[in-house]
Amino acid sequence: MAIQGPISIGFDQVFPHGCYLVGEVQQVKDFDASTATRVVYAKDKTTGLPVWQVSVVDADPEAKASQKSVTVKILTEVQPVPPPPLPGLPFTPVEFDGMSVTPYVGQESGRLAYSLRARAMRAPRTATTKHTASASAKDATTTTSKEIAA
């Protein structure tokens, strides 16, 4: 099979309506390596980078209530810093760069689930910046598709 491991995906594909930060950034514990007296933190198996996590709420109005809150794991050497809150909003809007998704079958439910990862967290771009970035991403995707087809 040609696809192995995480699948690269754009933020706009995962959260087309955006998302909002609802929790603190936390370093992920490696429960298998930790003991009662010593905490060991998780490292990404591919990159060796520390793994951090944050809870966000998907702003999609059609998302089911049980699917509104998701965890995004961020792979970076230093703890990610959330963007500053915006006045008048109860939650902080946030975007992620370098996203990937890993499908898996949930052990308890037996259903298909997804693990979301990112390389960086930042404040949302403005509409003008988003349009320019989307055009650049589209050009990059087109180039990559052409390279694969060649």
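This is a predicted model, so every value here is computed, not measured. (Residues numbered from 1 in each chain as written. Predicted model: local features only at pLDDT ≥ 70, side-chain atom pairs only at ≥ 80, totals over all residues. Heavy atoms only, no water.)

## Examining the side chain of Ser115
So, step 1. Relative to the assigned elements, Ser115 resides in strand 8 (residues 112-118).
So, step 2. The exposure class assigned to Ser115 is buried, which follows from its relative accessible area of 18%.
So, step 3. Setting aside anything within four residues of it in sequence, one finds Ser115 in contact with Ser100, Val101, Thr102 and Tyr104. (Helix = DSSP H or I, 4+ residues; strand = E, 2+ residues; numbered from the N terminus. Buried < 20%, exposed > 50% of the residue type's maximum accessible area, 1.4 Å probe, protein only. Contact = heavy atoms within 4.5 Å.)

## Concerning the layout of surface pockets
So, step 1. In this structure, the largest pocket spans a volume of roughly 1600 Å³.
So, step 2. Surrounding the largest pocket, 45 residues form its lining, Thr102, Tyr104, Tyr114, Ser115 and Leu116 being those nearest its centre.
So, step 3. Of all the elements in the fold, those that place two or more residues in the lining of the largest pocket are helix 1 (11-14), strand 4 (51-58), strand 5 (69-75), strand 7 (100-105) and strand 8.
So, step 4. At seven residues, strand 8 tops the list of elements feeding residues into the lining of the largest pocket. (1 Å grid on protein atoms, 1.4 Å probe; cavity = no way out; pocket = protein on both sides within 12 Å on 5 of 7 lines; lining within 4 Å. Points joined across faces, edges and corners; volume = space filled by probe spheres on them.)

## Comments concerning the packing of aromatic side chains
So, step 1. Summed over all chains, the structure comprises two aromatic pairs.
So, step 2. With a centroid separation of 5.5 Å and 40° between ring planes, the pair formed by Phe11 and Phe15 is classed as tilted.
So, step 3. Members of the aromatic cluster, connected to one another through ring pairs, are Phe11, Phe15 and Phe96. (Phe/Tyr/Trp six-rings, centres within 6.5 Å; stacked < 30°, edge-to-face > 60°.)

## Comments concerning the nonpolar core
So, step 1. Counting 18 residues, the largest nonpolar core has Phe15, Val54, Val56, Val72, Phe96, Met99 and Met121 as its most contacted members.
So, step 2. Per-element tally for this core: the top contributor is strand 4, with three residues.
So, step 3. Excluding residues within four positions of it along the chain, Phe15 makes contact with Val56, Asp58, Val70, Val72, Met99 and Leu116. (Core = buried A, V, L, I, M, F, W, Y, C linked by side-chain atoms within 4.5 Å.)

## Points about the confidence of the model for the chain
So, step 1. Per-residue confidence for the chain gives a mean pLDDT of 84; residues scoring 70 or more make up 83%.
So, step 2. Low confidence marks residues 128-150, where pLDDT is under 50. Its contacts with residues over four positions away, or in another chain, come to five contacts. (pLDDT = per-residue confidence, 0-100.)

## Quick notes on the pairing of strand 5
So, step 1. Sheet topology places strand 4 next to strand 5; seven bridges connect them, and they run antiparallel. The partner of Val54 across the bridge, within strand 5, is Val72.
So, step 2. With three bridges connecting them, strand 5 and strand 8 associate as parallel partners. Looking at the pairing, Lys73 lines up with Arg117 of strand 8. (Pairing = 2+ DSSP bridges.)

## What to know about the environment of Arg125
So, step 1. Mapped onto the fold, Arg125 is located in the loop between strand 9 (120-122) and helix 2 (127-149).
So, step 2. Residue class for Arg125 comes out partly exposed when judged on its relative accessible area of 34%.
So, step 3. As a C-alpha pair, Arg125 and Glu95 span 30 residues in sequence and 8.1 Å in three-dimensional space.

## Things to note about the side chain of Arg122
So, step 1. On the secondary structure map, Arg122 appears in strand 9.
So, step 2. Assessed through its relative accessible area of 18%, Arg122 is described here as buried.
So, step 3. A distance of 2.8 Å separates a polar atom in the side chain of Arg122 from a polar atom in the side chain of Asp97.
So, step 4. Aside from chain neighbours lying at most four places away, what touches Arg122 is Pro83, Val94, Glu95 and Asp97. (Polar contact = N/O pair within 3.5 Å; in protein donor to acceptor, adjacent residues only side chain to side chain.)

## Thoughts on the environment of Tyr114
So, step 1. For Tyr114, the location among the structural elements is in strand 8.
So, step 2. Under the relative-accessibility criterion, Tyr114 is labelled exposed at 51%.
So, step 3. For the pair Tyr114 and Tyr104, spaced 10 residues apart in sequence, the C-alpha to C-alpha distance is 6.0 Å.
So, step 4. If we skip the residues at most four places from it in the chain, Tyr114 touches Val101, Thr102, Pro103 and Tyr104.

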